[in-house]
Amino acid sequence: MIDVTITRRETQGRDIVVLDLAAADGAPLPAFEAGAHIDVEIAPGLTRQYSLCGDPAEHGRYRIGVLKDAASRGGSAAIHDGFAQGQTVRIGAPRNLFPLDAGAPGAVLLGGGIGVTPMIAMAHALHAAGTPFTLHYFARELAGAAFLDELAQLPFAAAVTLHSDAGEATPAFDPATDLPAPGSGAHVYICGPAGFMEHMEAQARAGGFAPGAIHREFFSAAPDAQGGSFELELARSGRTIEVAEGQTIVAALAAIGIKVDVSCEQGICGTCLCDVLEGEPDHRDSFLTGEERAEGDQMMLCCSRAKTPRLVIDL
Ligand code: FES
């Protein structure tokens, strides 16, 4: 963990707080790649993940945007209400689960709402590399959107197109013209609410993009972990426990004294990934790809359940 100071706090748009963070000891912060996120410690034992939205070439500062989520389970609300400029907080080193494909000759970045944050870092990196790209930023209404001034002043502002749902004067997104030909080798990057992600991924697939050329990062509400009971065998110890109706695997394991490393507890970050040796998982996460889910040999213990009466996991 790294102690950082909040060097700047600003409210942008409606309900978005943008924080600039610098190392509390004045040292350079670890370098990060576009698409990376950091864990932010909200309180002891409670961390949340936020994408870095600054320029990866800038080493003295991390920048995050935090939407106040009406359904917040303590993360975003605590930051909005309690994180002040000048305060020291703890963060994890950057981790990248949403990297740019360095070999792709072009990119289309599709950011819905607060999902624009990793796209801004990606746009910086693509611009620095001289890789052609466009950034489409979708907002319910521009009056509630953050980062508009910043995007307008960046050297790649001409590559940015705003789209508003509120009847404001912005162009409609047209996949036929706004997505490049799949044969161009360009990749598509999508981040935003689940419905936005599904819609955009469907558009990209309909436009002929192969699954490997479509990259997604989720910003979603907590998954539904409700469901019936099932038996869970721990292959390494040979122990078998019951995961009760409505109980998560992590909670069932904690009840017998086995602590699983977790971070987001929302099926987003991948921290609790575990191999499945027998049985069929009922995936509730947003981390695994469709192909990985279909293979059925890995699952997220924080939220996923079982479709079969019994699961055997590599634990
Ligand atoms: Fe993040 Fe399970 S703790 S996916």
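Structure report, in brief. Since we're looking at a predicted model, the values are computed, not measured. (Residues numbered from 1 in each chain as written. Predicted model: local features only at pLDDT ≥ 70, side-chain atom pairs only at ≥ 80, totals over all residues. Heavy atoms only, no water.)

### Considering the overall build of the protein chain
Here is the rule: Going along the chain from the N terminus, every DSSP run of H or I of four or more residues is numbered as a helix, and every run of E of two or more is numbered as a strand. Every radius of gyration here is taken over C-alpha atoms, with the globule rule written as 2.2 Å times N^0.38, N being the number of residues. Per-residue accessibility, obtained with a 1.4 Å probe over protein chains only, is compared with the maximum for each type, and a residue is labelled buried under 20%, exposed over 50%, and partly exposed between these values. In this analysis, two residues are considered to be in contact whenever any of their non-hydrogen atoms come within 4.5 Å of each other. Using a 1.4 Å probe, the Shrake-Rupley method yields the accessible areas, and only the shown protein chains count as cover for residues. For the purpose of counting charges, residues Lys and Arg are taken to be positive, whereas Asp and Glu are taken to be negative. His and the chain ends are not included. Where a charge lies is defined by one atom per residue type: Lys uses NZ, Arg uses CZ, Asp uses CG and Glu uses CD.
In terms of regular secondary structure, the protein chain is built from 7 helices and 18 strands. Relative to the compact-globule value of 20 Å for 315 residues, the protein chain shows a C-alpha radius of gyration of 20 Å, a close match. Evaluated residue by residue, the protein chain yields a buried proportion of 47% over its 315 residues. For the protein chain, long-range pairs separated by at least 24 residues make up 67% of all intrachain contacts whose partners lie at least 6 apart in sequence. Element-wise, carbon and sulfur atoms account for 50% of the exposed surface of the protein chain, whose accessible area totals about 13900 Å². Taken as two groups, the 21 positive and 40 negative side-chain charges of the protein chain have centres that lie 5 Å from each other.

### What to know about a negative patch on the surface
Using the following cut-off: Residues with no salt bridge and a relative accessible area higher than 30% make up the patches, which join like charges within 9 Å and nonpolar side chains (Val, Leu, Ile, Met, Phe, Trp, Tyr) within 5 Å. Salt bridge criterion: a side-chain nitrogen from Lys or Arg within 4 Å of a carboxyl oxygen from Asp or Glu.
Judged by side-chain charge, Asp 275, Glu 291, Glu 295 and Asp 297 come together as a negatively charged surface patch. Topologically, Asp 297 is positioned in the loop between helix 7 (290–295) and strand 16 (298–300).

### Some remarks on helix 2 (residues 117–129)
This is how it is decided: What a helix is expected to span follows from its residue count: subtract one and scale by 1.5 Å.
If you check helix 2, its first and last C-alpha atoms are 19 Å apart, about what 13 residues at 1.5 Å a residue would give, namely 18 Å. Where helix 2 is concerned, the buried positions are Thr 117, Pro 118, Met 119, Ile 120, Ala 121, Met 122, Ala 123, His 124 and Leu 126. Contact partners of the buried residues in helix 2: strand 4 (46–51), strand 5 (62–67), strand 7 (107–112), strand 8 (133–139), helix 3 (148–153) and strand 10 (187–192). Trailing helix 2 by a residue or two, Gly 130 shows a phi angle of about 75°, which is positive.

### Structural notes on helix 5 (residues 194–206)
Structural remark: α-helix, 3.6 residues per turn; residues separated by three or four positions point the same way. Convention followed: The arc refers to the directions leading from the helix axis to the C-beta atoms.
The terminal C-alpha atoms of helix 5, which comprises 13 residues, lie 18 Å apart, in line with the 18 Å expected from a rise of 1.5 Å per residue. Within the sequence span of helix 5, burial applies to Phe 196, Met 197, Met 200, Glu 201 and Ala 204. Each buried residue of helix 5 lies within a common arc of 125° when the element is viewed along its axis, so the set occupies one face. Relative to its buried face, helix 5 has exposed residues pointing more than 90 degrees away, namely Glu 198 and Ala 206. In the stretch just after helix 5, Gly 208 is the one whose phi turns positive, near 100°.

### Regarding the packing of aromatic side chains
Where we set the bar: Aromatic rings from Phe, Tyr and Trp, with only the six-membered ring used for Trp, were paired whenever their centres fell within 6.5 Å, and each pair was classed as stacked if the ring planes differed by under 30 degrees, edge-to-face if by over 60, and tilted otherwise.
Throughout the structure, instances matching the rule amount to 5 aromatic pairs. Ring geometry for Phe 98 and Tyr 189: centres 6.2 Å apart, planes at 75°, overall edge-to-face. In this pair, Phe 98 sits in the loop between strand 6 (88–91) and strand 7 while Tyr 189 sits in strand 10, placing the two residues 91 residues apart along the sequence. The buried category is assigned to Tyr 189, whose relative accessible area is 1%. With a centroid separation of 5.7 Å and an interplanar angle of 70°, the aromatic rings of Phe 133 and Phe 156 are classed as edge-to-face. Here the residue Phe 133 occupies a position in strand 8, and Phe 156 occupies one in the loop between helix 3 and strand 9 (160–164), the gap between them amounting to 23 residues. Under the relative-accessibility criterion, Phe 133 is labelled buried at 11%. Taking the relative accessible area as the measure of exposure, Phe 156 reaches 4% and is therefore buried. The rings of Phe 138, Phe 173 and Phe 196 are connected pair by pair, giving a single aromatic cluster.

### Considering the side chain of His 163
Quick note on the threshold: Pairs of N or O atoms within 3.5 Å make up the polar contacts considered here, provided that, within protein, one atom can donate a hydrogen while the other can accept it, and that residues adjacent in sequence are counted only when both atoms are side-chain atoms.
When you line up the elements, His 163 lands in strand 9. Within the structure, His 163 has its side chain in polar contact with the side chain of His 136 (distance 2.8 Å). Ignoring anything within four residues of it in the chain, the contact list for His 163 reads His 136, Tyr 137, Phe 138, Ala 139, Thr 170, Pro 171, Ala 172 and Phe 173.

### Considerations on the pairing of strand 5
On a regular strand, each side chain points to the face opposite its neighbour's, so the side chains alternate between the two faces of the sheet. In plain terms, the rule: At least two bridges found by DSSP between two strands is the condition for calling them paired.
Burial within strand 5 is extensive, with 5 of its 6 residues counted as buried. By the bridge criterion, 6 bridges tie strand 2 (residues 16–23) to strand 5 in an arrangement that is antiparallel. For Val 17, the partnering residue across the bridge sits in strand 5 and is Val 66.

### A short note on the environment of Ile 2
By the secondary structure assignment, Ile 2 is in strand 1 (residues 2–12). Taking the C-alpha atoms as reference, Ile 2 lies 8.3 Å from Val 89; in sequence the two are 87 residues apart. The residues touching Ile 2, leaving out its near neighbours within four places in the chain, are Leu 29, Pro 30, Val 89, Arg 90, Ile 91, Gly 92 and Ala 93.

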